[in-house]
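Architecture at a glance
So the chains spell out like this:
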Amino acid sequence: MPDGQWYPPEWPERIRALAAGEFVPVVPKQAATVMLLRDTPDGPAVHMLRRRASMAFAGGAYAYPGGGVDARDSRPVGWAGPPVAEWAHRLGTDEATAQAVVCAAVRETFEESGVLLAGLTADTVLGAVGGDEVSAPGDGGGWEADRQALVDRELAFADFLERRGLVLRSDLLGAWARWITPEFESRRYDTWFFVAALPEGQQTRNASTEADRTVWIRPAEAAAGYDRGELLMMPPTISTLRDLGPYESAAKAVAAADGRDLAPVLATARWENGTLVLSWPGHEEFTKHIPASGGTR
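Residues numbered from 1 in each chain as written. Predicted model: local features only at pLDDT ≥ 70, side-chain atom pairs only at ≥ 80, totals over all residues. Heavy atoms only, no water.

Points about the overall build of the protein
Looking only at helices and strands, one finds eight helices and 14 strands in the protein. By residue count, 52% of the 297 residues in the protein fall in the buried class. Once local pairs closer than 6 in sequence are excluded, the contacts in the protein between residues at least 24 apart make up 69%. Of the roughly 13200 Å² that the protein leaves accessible, carbon and sulfur atoms contribute 51%. (Helix = DSSP H or I, 4+ residues; strand = E, 2+ residues; numbered from the N terminus. Buried < 20%, exposed > 50% of the residue type's maximum accessible area, 1.4 Å probe, protein only. Contact = heavy atoms within 4.5 Å. Areas by Shrake-Rupley, 256 points an atom, 1.4 Å probe, with all protein chains shown as cover.)

Structure, rendered in structure tokens:
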């Protein structure tokens, strides 16, 4: 029975064009995504959203809240947790990039799920986030107005935090993995995957216009749905789900993040006896063999 691996039918032709020098790879855009976890009697569940079938990229696939880095995400913000220099070392980047990626992770999670990993002080976390309370004295806005302004890029994340007197709780995040979209894809992302526990008192909701459904699901249950071909996912999603499976609690998963290998995973393609072999190094389960006549196996 086929699994639920998302596979764009146009890839073979793009790979052929790339090999012939007719396709120039685009530079991947930096991005971040967060696996939000909450504990259940049967173990931790992860928050996932299903991308609308009409989406040009990975339509119908299950994913986590996340998105591209905004150029303004590198602006100074109220910051709690490991200093930016430590994050730069952990992520293998310069400090400006590290801050932008961490800020994007927190901002995109708020934009797409309504969950905000921030507090009034370095040792507090916001409870319920929502309602119509005023964002700042006299400005007439609320949480939802601020969230939408962030989505529309009318409000910078740094300004949002400053107006509300909040600090970003970078210590609530654990860096989990890094995947780069293959060179033969026209929409490319260099994506850092993070893990975090849902703050007490906060609730997720489908706040994304790109998703038609959200679920809380145990990683093993989601992986089983993928294996049956019932849940469509991209390789990074199912890979990280499988990695989450052994952990008995959200806290244990977040604690384990410090030991994770963040070497980027990038798909490769090669020809073998007239068959195109698509693979992700270190992740053999995603290997695809594409005959010259089309189709996969």
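Some points on the packing of aromatic side chains
Given two aromatic rings, one states the distance between the centres and the angle between the planes to describe the pair. Following the criterion strictly, the structure yields nine aromatic pairs and no others. On the numbers, 6.3 Å between centres and 90 degrees between planes, the contact of Tyr64 with Phe193 is edge-to-face. Separated by 129 residues along the polypeptide, Tyr64 in the loop between strand E3 (62-63) and strand E4 (66-68) and Phe193 in strand E9 (residues 189-197) bring together distant segments of the chain. Across the pair, Phe193 and Tyr64 agree in class, each one buried. Taking the centre distance of 6.3 Å and the plane angle of 70 degrees together, the rings of Trp143 and Phe160 count as edge-to-face. With Trp143 in helix H4 (residues 143-151) and Phe160 in helix H5 (residues 157-164), this pair connects stretches of sequence that are 17 residues apart. The exposure classification of Trp143 matches that of Phe160, with both residues buried. (Phe/Tyr/Trp six-rings, centres within 6.5 Å; stacked < 30°, edge-to-face > 60°.)

Regarding the sheet that holds strand E14 (residues 283-291)
With antiparallel pairing, three strands are arranged side by side in an open sheet as E12-E13-E14. The sheet is open, and its two edges are formed by strand E12 (268-272) and E14, each paired on a single side. Between one strand and the next, the sheet's axes are offset by a mean angle of 25 degrees, whatever the strand orientation. The sheet contact formed by strand E13 (residues 275-280) and E14 spans five bridges and is antiparallel. (Pairing = 2+ DSSP bridges. Axes fitted to C-alpha atoms, helices over the stretch in contact; angles between N-to-C directions.)

Brief notes about the sheet that holds strand E7 (residues 167-169)
Ordered in space as E5-E7-E6, the three strands form an open sheet in which the pairing is mixed. Pairing within the sheet leaves two strands with one partner each, and these edge strands are strand E5 (79-80) and strand E6 (118-119). Pairing of E5 with E7 involves two bridges; the strand directions are parallel. Bridging across to E7, Trp79 finds its partner in Leu168.

Comments concerning the layout of surface pockets
Of the voids in this model, the second largest pocket is the one considered here, and its volume is about 170 Å³. Around the second largest pocket, the lining residues are Pro82, Glu86, Trp87, Arg90, Asp171, Leu173, Gly174, Ala175, Val254, Ala257 and Asp258. Those elements that provide at least two residues to the lining of the second largest pocket are helix H2 (84-91) and strand E8 (174-180). Sort the elements by how many residues they give to the lining of the second largest pocket and H2 lands first, with three residues. Tallied by class, residues from the lining of the second largest pocket come to six nonpolar, one polar and four charged. (1 Å grid on protein atoms, 1.4 Å probe; cavity = no way out; pocket = protein on both sides within 12 Å on 5 of 7 lines; lining within 4 Å. Points joined across faces, edges and corners; volume = space filled by probe spheres on them. Nonpolar A, V, L, I, M, F, W, Y, C, P; charged D, E, K, R; others polar.)

What about the packing of helix H6 (residues 219-227) against helix H7 (residues 235-244)?
Contact geometry for H6 and H7: axes closest at 8 Å, N-to-C directions at 140 degrees. With respect to H7, the element H6 is oriented oblique. Viewed along their axes, H6 and H7 form a crossing whose handedness is left-handed. For the pair formed by H6 and H7, the contact residues are Pro219, Ala222, Ala223, Tyr226 and Asp227 on the first element and Ile238, Leu241, Arg242 and Leu244 on the second. Its residues assigned to classes, the contact of H6 with H7 comprises seven nonpolar, no polar and two charged. (Parallel < 35°, antiparallel > 145°, perpendicular 65-115°, else oblique. Left-handed = near helix turned anticlockwise from the far one by under 90°.)

Observations regarding the side chain of Glu111
As for its position among the elements, Glu111 is in helix H3 (residues 95-113). Taking the relative accessible area as the measure of exposure, Glu111 reaches 5% and is therefore buried. Each residue touching Glu111, except ones within four places of it in the same chain, is listed here: Arg147, Leu150, Val151, Arg153 and Ala207.

On their own, these measurements won't tell you what the molecule is for.
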